[in-house]
Amino acid sequence: MFKPFSFALVAASIVVASINNPSNTLAGTCASKCGSRPIQFTPGQHIRVEVVNSTPNLIKIQKPSGTGAISLSPGQKLNLEQIEGTDPNTSLIFWSEKGLSLQAIVSKLNFGTLRLELRPTWRSPGDRSLYIMDDGRINVF
C-alpha cells in the first residue's frame, strides 16, 4: 500500500513543481534576454568613424591599406571620413605607444557614423583592430 502511495506522492510533487516553475519546463524565445543586436551598416555605405582616445596614453591608429600611423593624444577625438564598407573589407588597427592593452567599445551614433572608443584594460592581449566587413557587419579583434 505504501509503494503506490509513495509513487503517487512523488508524481504529484513533480507536477506541482513544474507548474510553479514554468521556466524550467517551457522553452521560450530570447526576446527578453537576447542582448543587444550587433552593429551593422548597409553594404557599400560610406561610413564615418569617430575614434576617441579615452586612455591616459598616446595611441596610434592606422588603416593598413592607405595611411601611415596617426597619433591620438589622451582625450582626443579623430574623425576618419570615407571609409567604405565594400569589397575588399576595411580595417583599422590601433595600439598603445607604451604597449598597454586596449578595449575597443563600438557604437553606432547615427545612420553613417561609427564610434570607436578606446579604453585601457587589464585583459591581455586586448583589442587591436576594427574590421568592417563587406556585408556591413562590424567586428573587433
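Here the structure is a predicted model, which means the values were calculated and not measured.

Draft legend 1. Geometry of the overall build of the protein chain. Of regular secondary structure, the protein chain possesses 1 helix and 9 strands. Its helices and strands in sequence order give the protein chain the pattern α-β-β-β-β-β-β-β-β-β, from N to C terminus. Counting only residues that meet the buried cut, the protein chain has 29% of its 141 residues in that class. Surface accessibility of the protein chain: about 9,400 Å² in total, with carbon and sulfur atoms responsible for 58%.

Draft legend 2. A look at the environment of N57. Mapped onto the elements of the fold, N57 is located in the loop between β1 (46-53) and β2 (59-62). Residues N57 and P74, 17 residues apart in the sequence, show an inter-C-alpha distance of 5.6 Å. Residues contacting N57, with those up to four places away along its chain left out, are L72, P74, S96, K98 and L100.

Draft legend 3. Summary view of unusual backbone geometry. The amide bond that connects S124 to the next residue, P125, takes the cis arrangement and shows omega of 10°. Along the chain, the position of P125 falls in the loop between β7 (113-120) and β8 (129-132).

Draft legend 4. Main features of the sheet that holds strand β9 (residues 138-140). Pairing in this open sheet of 5 strands is antiparallel, and the strands run β3-β2-β5-β8-β9 from one edge to the other. What marks the edges here is a single partner per strand, and that holds for β3 (70-72) and β9. Averaged over neighbouring strand pairs, the angle between their axes works out to 20° when direction is ignored. Pairing of strand β5 (residues 90-96) with β8 involves 4 bridges; the strand directions are antiparallel. What sits directly across from S91, in β8, is Y131.

Draft legend 5. Just the nonpolar core, in detail. V49, V51, I61, F94, L114, L116 and L130 are the most contacted members of the largest nonpolar core, which totals 20 residues. Put simply, the parts of the chain that give this core at least two residues each are β1, β2, β4 (77-84), β5, β6 (102-110), β7 and β8. With near-sequence residues (within four places) excluded, L116 lies in contact with V49, E50, V51, V52, F94, A104, I105, V106 and L130.

Draft legend 6. Looking closely at the packing of aromatic side chains. This model, assessed by the stated rule, comprises 1 aromatic pair. Positioned over the ring face of F41 is K108, at 4.5 Å from the centre of the ring.

Draft legend 7. Representation of the pattern of salt bridges within the structure. Here the structure, examined in full by the defined rule, presents 4 salt bridges. For R119, the salt bridge goes to E117, with nearest N and O atoms at 3.1 Å. On the basis of relative accessibility, which here comes to 35%, the residue R119 falls in the partly exposed class. For E117, a relative accessible area of 14% translates into the label buried.

Parameters at a glance
All chains use their own residue numbering, which begins from 1 and follows the written sequence. Only residues with pLDDT of 70 or above have their local features reported here, since the model is predicted, and side-chain atom pairs are shown and tallied only from 80 upward, although totals for entire chains, interfaces and linings are computed over all residues. Side-chain numbers here rest on the full set of heavy atoms in the structure, without hydrogens or water. Each helix is a run of H or I in the DSSP string that is no shorter than four residues. Each strand is a run of E no shorter than two, and both are numbered from the N terminus. Any residue under 20% of the maximum accessible area for its type is buried, any over 50% is exposed, and the rest in between are partly exposed; the area is computed with a 1.4 Å probe on protein chains only. Method for areas: the Shrake-Rupley scheme with a 1.4 Å probe, in which residue coverage is limited to the protein chains shown. Working rule for contacts: check all heavy atoms of both residues, and any pair within 4.5 Å makes them a contact. In this description, strands pair whenever DSSP reports at least two bridges between them. Angular values range over 0 to 180 degrees, each being the angle between N-to-C directions of two axes fitted as lines to C-alpha atoms, with helices fitted over their stretch in contact. Here, nonpolar core refers to any group of buried Ala, Val, Leu, Ile, Met, Phe, Trp, Tyr and Cys residues whose side-chain atoms link them within 4.5 Å. Here a Phe, Tyr or Trp ring, Trp counted by its six-membered ring, pairs with any other such ring whose centre lies within 6.5 Å, and the pair is stacked when the planes are under 30 degrees apart, edge-to-face when over 60, and tilted otherwise. Any Lys NZ or Arg CZ found within 6 Å of a ring centre and within 35 degrees of that ring's normal is scored as a charge over the ring. One speaks of a salt bridge when a side-chain nitrogen belonging to Lys or Arg is within 4 Å of a carboxyl oxygen belonging to Asp or Glu.

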